[in-house]
Amino acid sequence: MAQRKLGQILVDLGYLTEDNLWDILEEQKKSPGEVIGQVAKRMGLVTEAQVTEALAEQFGMPVVNLADTNILPKVLELVPETMASVYKIMPISLKDNVLTVAMADPQNLAALDDLRNFLGYDVRGAVSSMPEVEAAIARHYASRTEDDMEGLMGELENLEMGNKSLNEKRGPIELGGEDEISSSHPIRKLLNMVILLAIKDQASDIHFEPFEDEFKIRVRADGVLYEMVPPPRHLASAIVSRIKVMANLDIAERRMPQDGRIELNVGGNSVDLRVSVLPTMFGEAVVMRVLDRTVVQLDLGKIGMDPQILSRFREMIDRPNGIVLVTGPTGSGKTTTLYSALNELNDIETKIITTEDPIEYDIDGLIQVPINSEIDVTFAKALRAILRHDPDKILVGEIRDFETAEIAVQSSLTGHLVFSTLHTNDAPSAVTRLRDMGIPPFLITATVEAVLAQRLVRRICVECRTEFEPSDELLMELQLPLEQARRYKFYYGKGCQRCNNSGYKGRTGLYELLTINDEIRDMISSDASVDEMRNLARSQGMTTLREAGLKLIFDGITTIDEIVRETVMDDGE
């Protein structure tokens, strides 16, 4: 039977008129990502409670008021806090092996399937509003996460390994025994919890590291590594074997590096884990790169670019031909910026082909070509082949050598817009880098349209942001006159539960855009130095990375320490 639409249910319940519904549908066309209920609430036509009631009617689930519901501790123990936060659910009762959970999003039926697989119970849904679910999680799970982890570690300590350690280096390896233990419930539970915690904290990488006396697990969130409770050392090999099984790798091969991929479905969202296994002195180390599309918003308007820089950058990416370069160190968000630009240009009239190493995000409408050095598929070879596929715009993951740079230049001269990345400290240095690779200055001036340098800095956590008076020494790091600096307010994060006591939550970008105009072209042709080019660009209105950082400090978005750490080498004065 076809499901009734939410808008019609709200009309049937008497909360909306037919005219209201048409107005909502018209408004929804302006923001296609928003669902009917959100639009109706934003327009002030319905309340949260009315939308919750309509959703319950639509999915045939009961409505539950979490504020008035008494939840027993034994029910809370069934669902870890991490899982409740990631899936936006709250366990409310267990009866006859049926676990009932309140859902903020009843449309996400995949979450119920995940919970059945994770927990081993029959799971039924009830409906509650998002604010109620989040408040209930905060209320009931306060300070339980550490207990969950410690309880699990206790379980793992008691996991018997038989007479032989899994890390013993001599003699034949009992693969059967190891496979059995790596699939045991506590090992799987540990990995599930670590992965869910990483997704909840919007981490980019999970590190499993064997040392002589311990096995560390560290998670990189907002560019910084945090250590988790370490599991018992004797289970290191079993944990690595379980990861290998999940990534379809060879568990018998311990001497060679291996790369694989794990595809997860977490609450209806697909999350990819790129897995790299590396043999070390004390066993195998594993790093998982977390690629979660719900965290990375591929939207130029949401990457923290200043409105003036953004409008100039949009002009550059709309050019019919030329080269647009994005520069910065590894992990500075270059790929996200380029993907966001391509996402904006991605329409039915534009053929876009990318060549990447590796492909991080699969985007509908783009032809994406992976680099494979093992069979000699290099950037240069892929780029030559791409030109025979009639593209309008091309992304080359990175210009690493003269051959790739030369083909990128030729591509732009034949009427293509080429996007790529370089590893340089700032925007003017990109010109010198191309020159050092062997590209003649007259070809650089004929093809390069713009260079965007960028860095990522951590944002101060909004929950614990506190004003403070910086010392003279700290202010001198900014290289500003003290009288000028003292006119501004400065902030830092004290540390709270929301930001894991780090004082930071999330990251934003610093951007420096060099547009290649006629004066800059003359300087390139006359072999001018990087400093001369930078000074001319600044006189024409270019904001340097340091100046962009100062603006973020004065706006209370980040700290002096972050800007000094990321831009200290970029000053050039």
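As annotated in an unreviewed UniProt entry, the protein chain carries the name Type IV pilus assembly protein PilB and comes from Planctomicrobium piriforme. As its UniProt record puts it under Sequence similarities (unreviewed entry), the protein chain is described as follows: "Belongs to the GSP E family."

**Q** Help me out: how do you make sense of the environment of Lys-216 in this one?
**A** By secondary structure assignment, the location of Lys-216 is in strand E5 (residues 215–221). Lys-216 sits 17 residues away from Arg-233 along the chain, and the two C-alpha atoms are 8.6 Å apart. When sequence neighbours within four positions are dropped, the list of residues in contact with Lys-216 reads His-207, Phe-208, Glu-209, Phe-211 and Glu-227.

**Q** Can you help me understand a negative patch on the surface in this one?
**A** On the surface, Glu-212, Asp-213, Glu-214 and Glu-227 cluster together to form a negatively charged patch. Mapped onto the elements of the fold, Glu-227 is located in strand E6 (residues 224–227).

**Q** What is the right way to look at helix H2 (residues 18–30) in this model?
**A** Because the α-helix completes a turn every 3.6 residues, residues three or four places apart line up on one side. Taken together, the buried positions of H2 are occupied by Asn-20, Leu-21, Ile-24 and Glu-27. One side of H2 carries all its buried residues, which in axial view fall inside an arc of 125°. Residues Asp-19, Trp-22 and Lys-29 are exposed on H2 and point more than 90 degrees away from its buried face. Looking at the buried positions of H2, the neighbouring elements they touch are helix H1 (6–12) and helix H3 (36–42).

**Q** I would appreciate a short explanation of the confidence of the model for the protein chain in the present structure.
**A** Atom-level detail of predicted coordinates should not be read off regions where pLDDT is low. Counting all residues, the mean pLDDT for the protein chain is 84, and 89% of those residues have values of 70 or more. Looking at the elements of the protein chain, mean pLDDT is at its lowest for helix H10 (residues 175–182), recorded as 42, and at its highest for strand E10 (residues 322–327), recorded as 96. Note that pLDDT drops below 50 for residues 161–183; the model gives that stretch 35 contacts with residues more than four away or on any other chain. Scored below 50 in pLDDT, residues 569–573 shows 10 contacts in the model against residues more than four places distant or in partner chains.

**Q** Teacher, can you tell me more about unusual backbone geometry here?
**A** Outside of glycine, negative phi angles account for most residues, and trans bonds account for most peptide bonds. Backbone geometry places Gln-202, a non-glycine residue, at a positive phi of 55°. Taking relative accessible area as the criterion, Gln-202 reaches 49% and is therefore assigned partly exposed. Phi at Asp-527 takes a positive value of approximately 55°, unusual for a residue other than glycine. One can find Asp-527 in the loop between helix H21 (518–525) and helix H22 (530–539). Accessibility expressed as a relative area gives 52% for Asp-527, which makes it exposed.

**Q** I would appreciate a short explanation of the pairing of strand E3 (residues 122–127) in the present structure.
**A** Residues in a regular strand project their side chains so that they alternate between the two faces of the sheet. Judged from the 6 bridges that link them, strand E2 (residues 98–103) and E3 form a sheet pairing that is parallel. By the bridge assignment, Val-101 is partnered in E3 with Gly-125. One crossover worth recording links E2 to the parallel E3 by way of helix H7 (residues 109–119), and it is right-handed.

**Q** Explain helix H12 (residues 236–246) to me, please; I cannot follow it from the model alone.
**A** Along H12, 9 of the 11 residues are buried, which leaves the element largely enclosed by surrounding structure. Those residues of H12 not exposed but buried are Ala-236, Ser-237, Ala-238, Ile-239, Val-240, Ser-241, Arg-242, Ile-243 and Lys-244. Positive phi appears at Asn-248, one or two residues downstream of H12, with a value of about 55°.

**Q** Would you explain the sheet that holds strand E7 (residues 258–266) in this entry?
**A** Whether parallel or antiparallel, the strands of a sheet pair through hydrogen bonds between backbone atoms. Taking strand neighbours across the sheet as the criterion, the 6 strands line up as E6-E5-E4-E9-E8-E7 in an open arrangement whose pairing is antiparallel. At either margin of the open sheet sits one strand with a lone partner, and together these are E6 and E7. Put simply, the sheet's adjacent strands are angled 20° from each other on average, direction ignored. Along the sheet face, H12 touches strand E4 (205–210), E5, E7, strand E8 (269–280) and strand E9 (283–292) and points at about 45° away from the line of E9.

Definitions and cut-offs
Residues numbered from 1 in each chain as written. Predicted model: local features only at pLDDT ≥ 70, side-chain atom pairs only at ≥ 80, totals over all residues. Heavy atoms only, no water. UniProt positions renumbered as here; feature names shortened; annotations may be inferred. Helix = DSSP H or I, 4+ residues; strand = E, 2+ residues; numbered from the N terminus. Contact = heavy atoms within 4.5 Å. Patch = residues over 30% accessible without salt bridge, like charges linked within 9 Å, V, L, I, M, F, W, Y side chains within 5 Å. Areas by Shrake-Rupley, 256 points an atom, 1.4 Å probe, with all protein chains shown as cover. Salt bridge = Lys/Arg side-chain N within 4 Å of Asp/Glu carboxyl O. Lys, Arg positive; Asp, Glu negative; His and termini not counted. Charge placed at Lys NZ, Arg CZ, Asp CG, Glu CD. Buried < 20%, exposed > 50% of the residue type's maximum accessible area, 1.4 Å probe, protein only. Arc of directions from axis to C-beta. pLDDT = per-residue confidence, 0-100. Pairing = 2+ DSSP bridges. Right-handed = clockwise from strand over helix to strand, strands pointing away. Axes fitted to C-alpha atoms, helices over the stretch in contact; angles between N-to-C directions.

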